[in-house]
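Fold and contact review
One-letter residues, chain by chain:
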Amino acid sequence: MKKTIFTGSGVAIVTPMKEDGSVNYSELERLIEFQIAEGTDAIISCGTTGESATLNHEEHCQVLDFTIRHVNHRVPVIAGAGSNDTLYAVELARSAEASGADALLMVTPYYNKSSQSGLIRHFTYVADRVSTPIILYNVPSRTGCNIQPQTYRELAKHPNIVATKEANGDMASAVRTMSLCGDDLAVYSGEDELTLPMMALGGKGVISVFANVMPKTMHELCAAMLRGDLETAREIQFRHTALMKALFMDVNPIPVKEALNLMGFACGECRMPLAPLSAAAKESLAEVLSQYGLIGNFKM
């Protein structure tokens, strides 16, 4: 059995920006402390929600290094290190490894539309060149590429490929993946609203957008599932479905960054080409946040 990186709720943390578009490291420190104080089980840095697509190489490495150093082993830090260029993925992975990341999050190559055999070659090539455990990231809605269950079985044979963040929305596929891979591949939900059913199948937790705004709640939902308390987990999931849905009223991470701003954090806007929420959408989001008592609670 391979070592599990974490169980429970891992936050796909945002990357806060200043008005000039540069990374706001003082606010990133504040967000990290908020997450740890509220019981987050892991922090995932420089993923999709962290705007990895618009961080240049130096920024990407600096954000990861800052996060790893500031967390200082209090919870695992998983470093986004994927690319559609296999050699660049190795470069990012080695940099994150040198900074002390506990695991690497490797998204499927985007735009290239790799075949399944190409995916095996890509991930195996990277896994052969680092010693840090790898969590695959399957999100075909953003990459145009879907990892099939049989491909997972082949990849799970590699000792360094230990888990996947599954965000293809196909629960039947998740069942097949888990049945084929068993203990050789841990599965995390990559979609907040599917956390409960994924964990009911044997998933280890979630890599969550929702946890940015309510980390304690997502931790408690996962903890309930891990101890077999389906009734409590179901109640938490149902009670927060409206907010989970609202955080995807536009392309992630536009709504969640705006939500954090409304809560009192200084996360700024997303970098272009992502655009801010419309006035109407912002008002709608604020209405949902107010239902959960979140507006303005975290002002400096």
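Further up the page is the structure itself.
The sections below set out a description of the structure shown in this document. (Residues numbered from 1 in each chain as written. Predicted model: local features only at pLDDT ≥ 70, side-chain atom pairs only at ≥ 80, totals over all residues. Heavy atoms only, no water.)

**Details of the overall build of the protein chain**
- For the protein chain, the helix and strand inventory stands at 12 helices and eight strands.
- For 300 residues, the compact-globule estimate of 2.2 N^0.38 gives 19 Å, and the C-alpha radius of gyration of the protein chain, at 18 Å, lies within 12% of that figure.
- In terms of its C-alpha atoms, the protein chain occupies a principal-axis envelope of roughly 50 × 45 × 35 Å.
- Here the protein chain, with 300 residues, has 54% of them falling under the buried criterion.
- For the protein chain, the exposed surface amounts to about 12,700 Å²; the carbon and sulfur share of it is 51%. (Helix = DSSP H or I, 4+ residues; strand = E, 2+ residues; numbered from the N terminus. Rg over C-alpha atoms; globule rule 2.2 N^0.38 Å. Buried < 20%, exposed > 50% of the residue type's maximum accessible area, 1.4 Å probe, protein only. Areas by Shrake-Rupley, 256 points an atom, 1.4 Å probe, with all protein chains shown as cover.)

**Side note on the sheet that holds strand E4 (residues 103–107)**
- Around the barrel, which closes on itself, the eight strands sit in the order E1-E2-E3-E4-E5-E6-E7-E8 with parallel pairing between neighbours. Taking the axes of each pair of neighbouring strands and ignoring which way they run, one obtains an average angle of 25° across the sheet.
- When strand E2 (residues 42–45) meets strand E3 (residues 77–80), the two strands line up parallel, connected through three bridges. The residue bridging Ile43 from the neighbouring strand is Val77, located in E3.
- Packed onto the sheet, helix H2 (residues 57–71) meets E2 and E3 and runs at close to 180° relative to E3.
- Seen against the sheet, helix H9 (residues 215–226) touches strand E1 (8–12) and strand E8 (205–208) and runs at an angle of roughly 150° to E1. (Pairing = 2+ DSSP bridges. Axes fitted to C-alpha atoms, helices over the stretch in contact; angles between N-to-C directions. Contact = heavy atoms within 4.5 Å.)

**Quick notes on helix H4 (residues 116–127)**
- Relative to the 16 Å expected for 12 residues at 1.5 Å per residue, H4 spans 16 Å between its end C-alpha atoms, a close match to the ideal helical length.
- Buried within H4 are the following residues: Gly118, Leu119, His122, Phe123, Val126 and Ala127. Along H4, the residues classed as buried sweep out an arc of 160° about the axis, all on the same side. (Expected span 1.5 Å × (residues − 1). Arc of directions from axis to C-beta.)

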